[in-house]
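# Chains, contacts and geometry: an overview
In case you want the letters, here they are:
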Amino acid sequence: MTVAQWLALARADAEQRGVPDLIPVLEGLAKATTQLRAADWNDDSDKDLKDDEAVDEDQ
Amino acid sequence: MKISELAPKVAAGTITSEKITENCLATIADLNPKLNAFITVTADQALARARQADQEIAGGRRLGPLHGIPISIKDLIDVEGTPTTAGSLVRKEHIATRDAVVTRRLREAGAVFVGKTNLHEFAFGTTSEDSGFGLARNPHDPSRSPGGSSGGSAIAVATGMSLGTVGTDTGGSIRIPAAACGIVGLKPEWGRISATGVVPLSRQLDHVGPLAASVADAWTLYNAMQPTASRVRELPDAAAVKGLRVGVLAGYLFDRLDADVERSVLSTIELLKGKGATVTEVTLPHANDIATVYLHLVLGDAAEYHARTLESRPQDYTPNVRLRLEMARYVLAEDYIRAMRGKPIIATEVDRALEGVDVLLCPALSIPAPPLGAATMPVKGGAEAVRTLMLRCTQPFNLSGHPAMSLPCGKTPTGLPIGLQLVGHKGRTHALVQAALAVEEVIAYS
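Residues numbered from 1 in each chain as written. Chains lettered and ligands numbered in written order. Predicted model: local features only at pLDDT ≥ 70, side-chain atom pairs only at ≥ 80, totals over all residues. Heavy atoms only, no water.

## Concerning the overall build of chain A
The secondary structure content of chain A amounts to two helices and zero strands. Across the 59 residues of chain A, 29% fall into the buried class. Carbon and sulfur atoms make up 48% of the accessible area of chain A, which amounts to about 4,100 Å² in all. (Helix = DSSP H or I, 4+ residues; strand = E, 2+ residues; numbered from the N terminus. Buried < 20%, exposed > 50% of the residue type's maximum accessible area, 1.4 Å probe, protein only. Areas by Shrake-Rupley, 256 points an atom, 1.4 Å probe, with all protein chains shown as cover.)

## Some remarks on the environment of His-207 of chain B
All names here are of chain B. Within the element layout of this structure, His-207 appears in strand 6 (residues 207-212). For His-207, a relative accessible area of 3% corresponds to the buried category. Ignoring sequence-local partners within four residues, the contact set of His-207 consists of Gly-167, Thr-168, Asp-169, Lys-187, Pro-188, Glu-189, Trp-190, Phe-397, Asn-398 and Gly-401. There is a polar contact of 2.7 Å between the side chain of His-207 and the backbone oxygen of Leu-205. (Contact = heavy atoms within 4.5 Å. Polar contact = N/O pair within 3.5 Å; in protein donor to acceptor, adjacent residues only side chain to side chain.)

## Topic: the interface of chain A and chain B
Buried accessible area, meaning the area lost when the parts come together, often serves as the stated size of an interface. Listed per partner, the contact involves 26 residues of chain A and 25 residues of chain B. Roughly 2,300 Å² of surface becomes buried between chain A and chain B when both sides are summed, with 60% attributable to carbon and sulfur atoms. On the chain A side of the interface with chain B, the three residues burying the most area are Leu-29, Leu-36 and Trp-41 of chain A, jointly 29% of the side's total. Remark: the boundary between chain A and chain B carries four salt bridges. The partner of Arg-37 of chain A in a salt bridge is Glu-334 of chain B, with the nearest N and O atoms 3.5 Å apart. Among the secondary structure elements, those contributing two or more residues to the side of chain A that touches chain B are helix 1 (3-16) and helix 2 (22-37) of chain A. A total of nine residues in the side of chain A that touches chain B trace back to one element, the largest contributor, which is helix 2 of chain A. Among the residues forming the side of chain A that touches chain B, the class breakdown is 14 nonpolar, four polar and eight charged. (Buried area = accessible area lost by both parts, 1.4 Å probe. Salt bridge = Lys/Arg side-chain N within 4 Å of Asp/Glu carboxyl O. Nonpolar A, V, L, I, M, F, W, Y, C, P; charged D, E, K, R; others polar.)

## What about the side chain of Asp-301 of chain B?
Mapped onto the elements, Asp-301 of chain B comes out in helix 10 (residues 290-312). A distance of 2.5 Å separates polar atoms of two side chains, one belonging to Asp-301 of chain B and the other to Ser-202 of chain B.

## Brief notes about helix 2 (residues 17-35) of chain B
All names here are of chain B. Here helix 2 spans 25 Å end to end across 19 residues, near enough to the 27 Å set by a 1.5 Å rise per residue. Turning to helix 2, its buried residues number three or more, namely Ser-17, Ile-20, Thr-21, Cys-24, Leu-25, Ile-28, Asn-32 and Leu-35. Buried positions along helix 2 lie against helix 1 (3-12), strand 1 (38-41), helix 3 (43-58), strand 2 (70-74), strand 3 (112-117) and helix 5 (151-159). At the exit of helix 2 stands Asn-36, carrying a positive phi of roughly 55°. (Expected span 1.5 Å × (residues − 1).)

## Remarks on the pairing of strand 5 (residues 184-187) of chain B
Residues and elements named next belong to chain B. In strand 5, alternate side chains face the same way, and those of Val-184 and Leu-186 on one face and Gly-185 and Lys-187 on the other are all buried. As defined by bridge partners, strand 5 adjoins strand 6 across two bridges and the pair is classed as antiparallel. Looking at strand 6, one finds that Gly-185 is bridged to Leu-211. The pairing of strand 5 with strand 12 (residues 404-411) spans three bridges and is antiparallel. Residue pairing for strand 12: Lys-187 is matched across the bridge by Ala-404. (Pairing = 2+ DSSP bridges.)

## Remarks on the state of the cysteines
All names here are of chain B. Applying the stated criterion across every chain, the model contains zero disulfides over all chains. With no disulfide of its own, Cys-24 lies 16 Å from the sulfur of Cys-181, the closest cysteine sulfur. No disulfide involves Cys-409; its sulfur sits 11 Å from that of Cys-362, the nearest cysteine. (Disulfide = S-S within 2.5 Å.)

## A word on the packing of aromatic side chains
Residues and elements named next belong to chain B. This model, assessed by the stated rule, comprises two aromatic pairs over all chains. An angle of 40° between the planes, with centres 5.8 Å apart, marks the rings of Phe-122 and Tyr-317 as tilted. Residue Phe-122 is located in the loop between strand 3 and helix 5, and its partner Tyr-317 is located in the loop between helix 10 and helix 11 (319-328); the two are separated by 195 residues in the primary sequence. As far as burial versus exposure is concerned, Phe-122 and Tyr-317 are alike and both buried. Between Trp-219 and Tyr-222, the aromatic rings sit 5.6 Å apart at their centres with planes inclined by 50°, giving tilted as the arrangement. Of this pair, Trp-219 and Tyr-222 both sit in helix 7 (residues 215-225), three residues apart, which is roughly one turn of that helix. Note on accessibility: Trp-219 and Tyr-222 belong to one class, buried. (Phe/Tyr/Trp six-rings, centres within 6.5 Å; stacked < 30°, edge-to-face > 60°.)

## With respect to the packing of helix 2 of chain A against helix 10 of chain B
In contact at an axis separation of 9 Å, helix 2 of chain A and helix 10 of chain B are set at 120° when each is read in the N-to-C sense. Considering only the axes of helix 2 of chain A and helix 10 of chain B, their crossing is left-handed. Between helix 2 of chain A and helix 10 of chain B, the residues in contact are Leu-29, Ala-32, Thr-33, Gln-35 and Leu-36 of chain A and Thr-292, Val-293, Leu-295, His-296 and Leu-299 of chain B, respectively. Grouping the constituent residues of the contact of helix 2 of chain A with helix 10 of chain B by class yields six nonpolar, four polar and no charged. (Axes fitted to C-alpha atoms, helices over the stretch in contact; angles between N-to-C directions. Left-handed = near helix turned anticlockwise from the far one by under 90°.)

## A short note on the nonpolar core
Trp-6 and Leu-26 of chain A together with Val-102, Leu-106, Leu-249 and Leu-360 of chain B are the most contacted members of the largest nonpolar core, which has 140 residues in total. Per-element tally for this core: the top contributor is helix 10 of chain B, with ten residues. Ignoring any residue separated from it by four or fewer positions in sequence, one finds Leu-106 of chain B in contact with Leu-66, Ile-73, Ala-111, Phe-113, Val-166, Leu-221, Ala-224 and Met-225 of chain B. Leu-25, Leu-35, Val-114 and Ala-136 of chain B belong to the second-largest nonpolar core, a separate cluster that totals 14 residues. (Core = buried A, V, L, I, M, F, W, Y, C linked by side-chain atoms within 4.5 Å.)

## Thoughts on the confidence of the model for chain B
Across chain B, pLDDT averages 97, with 100% of residues at or above 70. Scored as a whole, the predicted complex attains pTM 0.97, and scored at its interfaces, ipTM 0.92. (pLDDT = per-residue confidence, 0-100.)

## Focus: unusual backbone geometry
All names here are of chain B. The peptide bond linking Gly-148 to Ser-149 adopts the cis configuration, its omega dihedral lying at 10°. Along the chain, Ser-149 turns up in the loop between strand 3 and helix 5. One non-glycine residue, Ala-86, lies in positive phi territory at about 55°. Take Ala-86: it is sitting in the loop between strand 2 and helix 4 (101-108). One non-glycine residue, Ser-128, lies in the positive phi region at around 60°. Relative to the elements of secondary structure, Ser-128 occurs in the loop between strand 3 and helix 5. Since its relative accessible area comes to 0%, Ser-128 is described here as buried.

Encoded structure:
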């Protein structure tokens with residue numbers, strides 16, 4: 001799911017559980033997750049594989 | 001007082017462990033009501049052990065430089081027969097049935113345990129404000145945080161309530177309070193010091209290590225905390241500053257600094273250059289991703305550990321820590337895996353930054369100790385959240401696992417300590433300590 005979809009579900013769950021203070025915190029996490037998903041090491045199944053330099057024993 | 005100063009006197013019998021321990025306990029009685037460094041004070045046991053140490057020493061049995069020396073233990077670490085509260089009412093009934101491995105090693109080295117120190121609840125914070133046993137206060141300015149999560153430990157050493165202490169560091173929790181309180185903190189290489197018997201925050205990021213009044217004292221504690229086969233008899237010699245190769249981590253770790261912190265750290269770099277150190281700039285290409293990688297890993301790991309008690313007794317957590325743990329439960333597995341993939345990339349980049357240098361250098365803490373209750377602090381580039389600033393300079397080396405040490409390098413005009421951080425190669429903590437001894441001496445004589 002997209003981060004926006006995740007946040008909508010998480011917000012609804014927080015409200016349903018009676019923890020509205022959680023919502024601004026979840027919004028902060030959403031920003032961090034958006035950045036994480038933009039990192040250049042992430043794979044996409046329809047694109048070229050990313051080089052995993054950290055475990056490339058030839059380097 | 002430093003361990004290095006007192007240990008020879010204790011060994012020679014010119015001062016007793018009992019006397020030193022009484023002094024520490026008196027300091028605790030005097031200052032702890034205000035600073036709240038300790039959750040549990042084990043005065044009777046400490047004095048009994050101190051007297052026993054004096055008898056052992058008088059009888060010719062000497063266990064080493066920690067024999068008879070009063071030490072405190074962060075209340076995340078088991079000491080047999082005493083509570084391990086983790087700073088939380090969730091664990092208020094808990095009594096440790098055995099020593100943590102690190103506790104046992106220090107006990108075997110003859111250390112005297114004066115008590116368990118206050119912390120940010122479950123080590124899940126950087127200010128020691130959120131504790132089920134009341135917030136802790138900075139001894140340099142009690143209206144400010146001592147840093148965290150090992151805040152009580154740092155206070156104890158900075159004030160002489162104990163001569164050394166054991167803390168833990170998941171994102172900076174040894175180095176941050178060391179910097180905020182003006183003492184030395186060593187986060188060893190990951191896995192070097194056993195975490196068995198230590199309440200976890202994130203097992204893949206947790207480190208156990210010492211805080212002390214000097215690099216030499218930190219080394220003495222670290223040495224005793226290691227497995228027997230890894231210990232050495234002598235303190236390493238200081239490295240020569242002339243020719244010391246220092247890689248300054250430019251960019252991210254200097255981008256969001258308080259002006260006094262920047263001035264002090266840059267001034268120290270100039271001092272080192274003046275003494276003949278070779279200083280080059282190095283960078284971490286994925287530095288901007290460090291915070292988000294760290295966040296997803298620590299949240300995922302914390303969510304697992306606290307899953308049951310967050311359901312069964314949420315009211316026993318402090319409100320802020322409870323909120324963060326609630327947030328942690330929403331991290332998706334796919335994002336946790338993304339963060340797992342980023343971790344070795346950052347580790348490789350730190351290794352690469354270390355190529356051709358002896359140590360890396362950067363600030364230990366972006367800001368001086370923040371006021372209690374502060375949500376943001378002003379830094380170069382604008383105000384930033386306190387939590388983000390507190391973790392910024394230290395968390396890279398929890399992800400990478402490299403040994404890293406915070407040591408004092410100056411003060412603000414109002415007397416708040418400023419800390420410098422040195423990062424060493426994996427497998428070469430000895431060399432890191434040698435460099436730190438040299439840098440400490442340069443700073444002391446500047």
